[in-house]
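Structure assessment
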Amino acid sequence: MIAMTAVVACGRVKTVIRGSTSVFRSSEPAPRNDTPAHDELAMLWVGHATVLLEIGGRVVVTDPVTTATVGQLSKRVVQPGLRPEQFPLIDLVVISHMHYDHLSFGTLAALEKKIGFLAMPEGGLAYLPEFSFDAMEVEPWKSVTRGSLTFTSTPARHLGWRYGFDGWSESKGGWVFEAAGKSVYFAGDTGYDGAIFREVRKRFPHLDLALLPIAPMEPHGLIGSFHMNPKEALQAFVDLGAARMMPIHYDTFINSLDEPGEAIPKLLDDAKAAKIPREKLEILQIGERRVLIPRKD
Amino acid sequence: MAIDLSTAWVVAQAVPSPEIVHDREASHFGLRWQVTPFSWSWGIHRRARRWSLFTVLPSRRHSGSTEISFDPEWIRHEGFLARAALRTYLPLVDRGEALSLSVASTAWSDGHSYGPGFEVALHTMSGFLGLAFSTATGLRATTTAFTLIVRVL
């Protein structure tokens, strides 16, 4: 018991040291800098958990983070794929949970005039400063419709606090977006929980795309209960029955013992072992936009 | 109005902020604690609850708020001092999370005498760290203190 506690403590200390010393490194430019457009279903990976999703003529952005650091300590390894001035008008911003690498006040301030509405999981508004855009909390499994876009809050197996000592907060979750007959699932940050993913499939049986985190992977003994590794993310993809999967939440910040570039080869190996066809995996570079369903002109 | 507590929060309130207190005669080492029974945030989102009792989330505090606090101090060679403050926080960078400024009117007592005081401070890293300059008039002479604020919540 003492040895296990020591191992966990060492893993935590090493992770904190790696993350906080990253502030002294320069970040690489984003490999791509594609331009958003207005297709029926398309996604542009800005980095980490920030995806600009075009769905049925609507624009949704997940967990927008474009700042150079998070928490003033952990620096981006790669610059964001879109600068704030390059974002289009955004119908909906969703926040999955309160951690600094998902709820960024600096990014929301930079995008403030472009954001139409913001949705958070239940309990999240307690953390949100005043902005000009309106915001709401959504309870798990509740759906909200604004115009042609419907969004539903889903549970997640993760941590709800922001500051570490606010352990009473349970504000965390994922989201499902529906517009014009398309549907996309954004898991946020979550450990593997088959019951959640199967329930999402039961309620949304025709998901076109699942945005699933595949990292951090190590130290798995410390973080495995609230972060999926590639193998678990692939199992979640199978549980969800989605048509395609886009891996997210890797190679952007140093927040673990993972080496940059380690997650995708692991994902491809695990997909091969699980007999999941490569074409079902939408692996994007940061800044890359990919169209799944083009606009009908 | 809800009070949200966790064991970690209760324990964290015991973490003091170290300070150096100067009077006419000497400088002394001290420790300061802070308890906030009441806070009203005008910087939090209009859809959120503005009132907090005892547990004040940093985003509520540093995005713009006014609070009443009790700040007990221990000063080496001087003993304990009780200080009450009416403090206002103003956000400067990233809705106060990266940098905020606070100003406070204070009243102190060492059990024998009492007097007014003033405090100004800068806070960073969601208020986990800060630097305060405070005065206390009437404590034999005007004392000034520089406090390294360490505040976990």
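Before going into details, it helps to say that this report is about the structure given with it.

Rules behind the numbers
Residues numbered from 1 in each chain as written. Chains lettered and ligands numbered in written order. Predicted model: local features only at pLDDT ≥ 70, side-chain atom pairs only at ≥ 80, totals over all residues. Heavy atoms only, no water. Pairing = 2+ DSSP bridges. Helix = DSSP H or I, 4+ residues; strand = E, 2+ residues; numbered from the N terminus. Axes fitted to C-alpha atoms, helices over the stretch in contact; angles between N-to-C directions. Contact = heavy atoms within 4.5 Å. Buried area = accessible area lost by both parts, 1.4 Å probe. Salt bridge = Lys/Arg side-chain N within 4 Å of Asp/Glu carboxyl O. Polar contact = N/O pair within 3.5 Å; in protein donor to acceptor, adjacent residues only side chain to side chain. Nonpolar A, V, L, I, M, F, W, Y, C, P; charged D, E, K, R; others polar. Phe/Tyr/Trp six-rings, centres within 6.5 Å; stacked < 30°, edge-to-face > 60°. Buried < 20%, exposed > 50% of the residue type's maximum accessible area, 1.4 Å probe, protein only. Lys NZ or Arg CZ within 6 Å of the ring centre and 35° of its normal. Patch = residues over 30% accessible without salt bridge, like charges linked within 9 Å, V, L, I, M, F, W, Y side chains within 5 Å. Areas by Shrake-Rupley, 256 points an atom, 1.4 Å probe, with all protein chains shown as cover.

1. Focus on the sheet that holds strand 3 (residues 58-62) of chain A
Whenever strands of a sheet pair, they do so through backbone hydrogen bonds, lying parallel or antiparallel. All names here are of chain A. Taken together, the seven strands give an open sheet; going across it, the order is 8-7-6-3-2-1-15, and neighbouring strands pair in mixed fashion. Only two strands of the sheet have a single partner each, and these edge strands are strand 8 (134-138) and strand 15 (289-293). The sheet shows a mean angle of 20 degrees between the axes of neighbouring strands, direction not considered. Bridging between strand 6 (residues 92-94) and strand 7 (residues 117-121) involves two bridges; their strand directions are parallel.

2. Observations regarding the interface of chain A and chain B
With 25 residues of chain A at the interface, the matching set in chain B holds 28 residues. Taken together, both faces of the contact between chain A and chain B bury some 2300 Å²; the carbon and sulfur share is 58%. Scanning the region where chain A abuts chain B turns up four salt bridges. Asp134(A) is paired through a salt bridge with Arg47(B); the nearest N and O atoms lie 2.6 Å apart. Our count for the chain A to chain B interface comes out at 16 residue pairs in polar contact (both at pLDDT 80 or more). At the level of elements, helix 2 (105-111) and strand 8 of chain A are the ones that each hand at least two residues to the side of chain A that touches chain B. By residue number, the principal contributor to the side of chain A that touches chain B is helix 2 of chain A, which donates three residues. Here the residues of the side of chain A that touches chain B are counted per class, giving 15 nonpolar, five polar and five charged.

3. Some points on the packing of aromatic side chains
Overall, the coordinates contain 12 aromatic pairs over all chains when judged by the stated rule. Arranged with centres 6.1 Å apart and planes meeting at 55 degrees, the rings of Trp40(B) and Trp51(B) form a pair that is tilted. One end of the pair, Trp40(B), is in strand 3 (residues 35-41); the other, Trp51(B), is in strand 4 (residues 51-52), with 11 residues separating them in the sequence. Residue classification places Trp51(B) among the partly exposed residues on the basis of a relative accessible area of 37%. Its guanidinium or amino end placed over the ring of Phe117(A), Arg146(A) lies 3.8 Å from that ring's centre, counting from NZ or CZ. Against the face of Tyr100(A) rests Arg162(A), its NZ or CZ located 4.1 Å from the ring centre.

4. Here we look at a nonpolar patch on the surface
Taken together, the side chains of Val35(B), Phe54(B), Ile68(B), Phe70(B) and Leu86(B) present a nonpolar region at the surface, about 420 Å² in accessible area. Tracing the backbone shows Val35(B) in strand 3.

5. Overview of the pattern of salt bridges
Residue and element names in this part refer to chain B. One pass over the structure, following the stated rule, counts 25 salt bridges over all chains. Ionic pairing is found between Arg87 and Glu67, a salt bridge with its closest N-O pair at 3.3 Å. Taken together, the residues Arg87 in strand 7 (residues 79-93) and Glu67 in strand 5 (residues 65-70) connect sequence positions 20 residues apart. For Arg87, a relative accessible area of 1% translates into the label buried.

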